[in-house]
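# Working through the structure, step by step
Residue strings, one per chain:
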Amino acid sequence: MRKETLVTIFNSTLFLVLFNSCNSNSSSGNSEISKDPASIAKGEAIFTKNCSSCHNFKQDDIGPALGGITTSASVNWLKNFIRDPKNIIESGDKKAAQLLKKYKVAMPSFATLSDNEMDNLIAFINKHGKSGRLDSTEKGKEILNPIPETIPLSNLLVGLKLLTQFPPSANDGNLPVTGITKLASQPNTGSLFVVDLRGKLYKIKNGKQVVYMDIAKLRPRFISEPGQATGFGSFAFHPDFEKNGLLYTTHTESAEAGKADFGFSDSIKVGLQWILTEWKTKHPDADTFSGIGRELLRVNMVTYSHGMQEITFNPFSKPGENDYGMLYIGVGDGGCTQVGYPSVLHGKEKIWGSILRIDPKGRNSENGKYGIPDDNPFVHSQNTRAVGEIYSYGFRNPHRISWTKTGEMIACNIGQANIESLYLIKPGHNYGWPTREGSFVLDPYGDLNKVYPLPPNDSIYKITYPIAEYDHDDGNAISGGYGYQGTRIPLLKGKFLFGDIPTGRLFYIDLTDVKQGKQAPIKEWSVSVNDTIKTLKEICGNNRVDLRFGQDSQGELYILTKEDGKVYKLMSATDKSY
């Protein structure tokens, strides 16, 4: 059976999963809940900050639809679980234990909410009655288990060495301790940099962390709450950084912080804004950034989810080639599908759910701050509404983008309730979301937990399907990786390594199996630390890992575990069958 949802690289709130199902508590205590409009308004603000990136009241999102939850559990139980979910689970609550076993991840506690804030939050939730889910437009019978085969464990065993551990960035002591999400190298020098979502870009020097950039100081409107889907999203050094001192970042600000370059109908409420910034320093070799920033573009998002968390340059492009210095930007759907606005995306006329390609040095964009490359696929389209910046589209959350040694571009796409996928990216291609989840049909106006078989006439839709995919029997949210390009570990040559964010399971495909229109077999690999074989959950000491991958200038790979702030380097590999 599929694990219905709780794909949570974000601020996962498992207590809301339990709300919908938990009827082990006798009465709901509904009469205790305030109906005061002022209390409900305050509760909405709390919900928006802490819960809306994963939940709505109409249909399942990362967590389930919340309409009517206050009729299925007592107010006292809800409060206790919100404050200390771990304690409720460990107390022997049967329903909590069952759901934890099923979803495998528990939420962080919200012990910092005061009694008054808790009452206001429940007052807002209580306002929403049971959700009437839309019936899916079934082109075939619902597929209950999209991929029955589980991912097999291979003989590949990789030895890890702890490189460094980052300082806590959480103020409340709750997990995750840090928000480290990306490791990349600086061109020419090869120095390693790591970003923490909560606002800092670190340089690793002699195994220690030096704060290179504190974006909260540079951009006072910066926000990093609720924290798992917002903040300091990504960074990318220009390939000529040593000469021009140009660095690019993405970060979040509040909904009305500035005028958006890309927005939607005024009838749709804006959750926040993502901003792409170009920074210039006169001292590229410095350990601490000093310089000026220039905003390139600003994008409105419907919710806190699926933002602009990937920017990168093609590392194999050479000076004089068309792709040299072109910046690729992964733009998620902003959670619009889950809250009932799938029309915001999926098309060459809208940037949400797409991969953009821009020339930061150009000035022919509508706002005059960057360039639109002339060889982008829709620049010369007969469709006058086509967005020239779009390189490809049809993604829910194109979370990571990388290139193989042969120049193939691969992106991972974090799925909804069923499918996690890898795509071979080609200019102008449509990758299906929200009418497809991986290689299955999805009804964007129906129940997003359900998928269906492809129709007999599927070819007329001209959708490009994954080169590899797995369902939620094997994981919850894909962590994009890299094709191995180093020399240290010969056994990894020809392999594309990736994994699952919350569970920390590690996967690979053989690049020789990659072919557009075909599914490459996925295999699992194991790791050891100090010659002891352990899972990343065991190494991390927590049920949730928050796995990410990194790559240095020599093509060697790294593993980041956000929950404890540790970075490991892949040092060796053996075939356990020998």
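Just so you know, these numbers come straight off a predicted model, no measurement behind them.

### Considering the environment of Arg-548
With respect to the helices, strands and loops of the structure, Arg-548 is situated in strand S25 (residues 547-551). Each C-alpha atom of the pair Arg-548 and Gly-499 lies 8.0 Å from the other, and the pair is 49 residues apart in sequence.

### A word on the packing of helix H3 (residues 75-83) against helix H6 (residues 115-126)
How two helices sit against one another is set out by the angle between their axes and by the gap between those axes. Interhelical geometry of H3 versus H6 gives an angle of 120° and a closest axis separation of 11 Å. As the angle between them shows, H3 and H6 are arranged oblique. Taken as a pair, H3 and H6 cross one another with a handedness that is right-handed. The segment H3 lies against H6, with Val-75, Leu-78, Lys-79, Ile-82 and Arg-83 engaging Asp-115, Met-118, Asp-119, Leu-121 and Ile-122. A per-class count over the contact of H3 with H6 returns six nonpolar, no polar and four charged.

### A look at the pairing of strand S6 (residues 232-237)
Of all the six residues making up S6, six are buried; the element is thus mostly covered by neighbouring parts of the structure. Bridge count for S6 against strand S7 (residues 246-253) is five bridges, and the pairing is antiparallel. When the sheet's bridge partners are listed, Phe-235 is paired in S7 with Thr-249.

### Structural notes on the sheet that holds S7
Read across the sheet, four strands follow the order S6-S7-S8-S9 without closing on themselves; strand pairing throughout is antiparallel. Unpaired on one side and paired on the other, S6 and strand S9 (291-301) mark the two borders of the sheet. Averaged over all pairs of adjacent strands, the angle between their axes in this sheet comes to 20°, without regard to strand direction. The sheet contact formed by strand S8 (residues 272-281) and S9 spans ten bridges and is antiparallel. Bridge assignment links Thr-281 to a residue of S9, and that residue is Gly-291.

### Considerations on the pairing of strand S3 (residues 192-196)
The buried fraction of S3 is high, at five of five residues. A two-sided burial pattern is seen for S3, the buried positions comprising Leu-192, Val-194 and Asp-196 on one face and Phe-193 and Val-195 on the other. Sheet analysis places strand S2 (residues 180-185) next to S3, joined by five bridges and oriented antiparallel. Following the sheet pairing, Leu-183 is matched in S3 by Val-194. Adjacent in sequence and paired antiparallel, S2 and S3 are bridged by six residues, among which Asn-188 carries a positive phi angle near 75°. Sheet topology note: the S3/strand S4 (residues 200-205) ladder contains five bridges and is antiparallel. Among the inter-strand pairings, Asp-196 is bridged to a residue of S4, identified as Lys-200. In this structure, the hairpin formed by S3 and S4 is closed by a connection of three residues, where Gly-199 is found at a positive phi of approximately 135°.

### Overview of the nonpolar core
For soluble globular proteins, nonpolar side chains are generally found buried alongside one another. Within the largest apolar cluster, 43 residues are counted, with the highest numbers of intra-cluster contacts made by Tyr-248, Leu-276, Val-299, Met-308, Leu-327, Ile-329 and Trp-352. Contributing elements (two or more residues each) for this core: S7, S8, S9, strand S10 (310-313), strand S11 (327-331), strand S12 (354-358) and strand S13 (390-393). Here the element with the most residues in this core is S9; it accounts for four residues. Ignoring any residue separated from it by four or fewer positions in sequence, one finds Met-308 in contact with Gly-233, Thr-250, Trp-274, Ile-275, Leu-276, Leu-297, Val-299, Ile-329, Gly-330 and Val-331. Phe-47, Leu-78, Phe-110 and Ile-125 belong to the second largest nonpolar core, which has 24 residues in total.

### Focus on the pattern of salt bridges
Tallying each qualifying case throughout the model produces 20 salt bridges. Among the salt bridges present, the one from Glu-253 reaches Arg-298, with a minimum N-O distance of 3.0 Å. With Glu-253 in strand S7 and Arg-298 in strand S9, the pair connects residues that are 45 residues apart, well separated along the chain. When sorted by exposure, Glu-253 lands in the same class as Arg-298, which is buried. The partner of Asp-546 in a salt bridge is Lys-562, with the nearest N and O atoms 3.9 Å apart.

### So, the confidence of the model for the protein
Within the protein, residue pLDDT values average 88, and 88% of them lie at 70 or more. Predicted confidence for residues 1-27 stays below pLDDT 50, and this span has 134 contacts to residues more than four positions away or in other chains.

### Description of the sheet that holds strand S19 (residues 468-471)
Taken in spatial order, the four strands of this open sheet run S14-S15-S16-S19, and their pairing is antiparallel. Looking along the sheet, the strands with just one partner apiece sit at the ends: strand S14 (398-403) and S19. The sheet shows a mean angle of 15° between the axes of neighbouring strands, taken without regard to direction. Note that strand S16 (residues 419-424) and S19 share four bridges and pair antiparallel. Each bridged residue has a counterpart across the sheet, and for Ile-419 the counterpart in S19 is Asp-471.

Criteria and cut-off values
- Residues numbered from 1 in each chain as written.
- Predicted model: local features only at pLDDT ≥ 70, side-chain atom pairs only at ≥ 80, totals over all residues.
- Heavy atoms only, no water.
- Helix = DSSP H or I, 4+ residues; strand = E, 2+ residues; numbered from the N terminus.
- Axes fitted to C-alpha atoms, helices over the stretch in contact; angles between N-to-C directions.
- Parallel < 35°, antiparallel > 145°, perpendicular 65-115°, else oblique.
- Left-handed = near helix turned anticlockwise from the far one by under 90°.
- Contact = heavy atoms within 4.5 Å.
- Nonpolar A, V, L, I, M, F, W, Y, C, P; charged D, E, K, R; others polar.
- Buried < 20%, exposed > 50% of the residue type's maximum accessible area, 1.4 Å probe, protein only.
- Pairing = 2+ DSSP bridges.
- Core = buried A, V, L, I, M, F, W, Y, C linked by side-chain atoms within 4.5 Å.
- Salt bridge = Lys/Arg side-chain N within 4 Å of Asp/Glu carboxyl O.
- pLDDT = per-residue confidence, 0-100.

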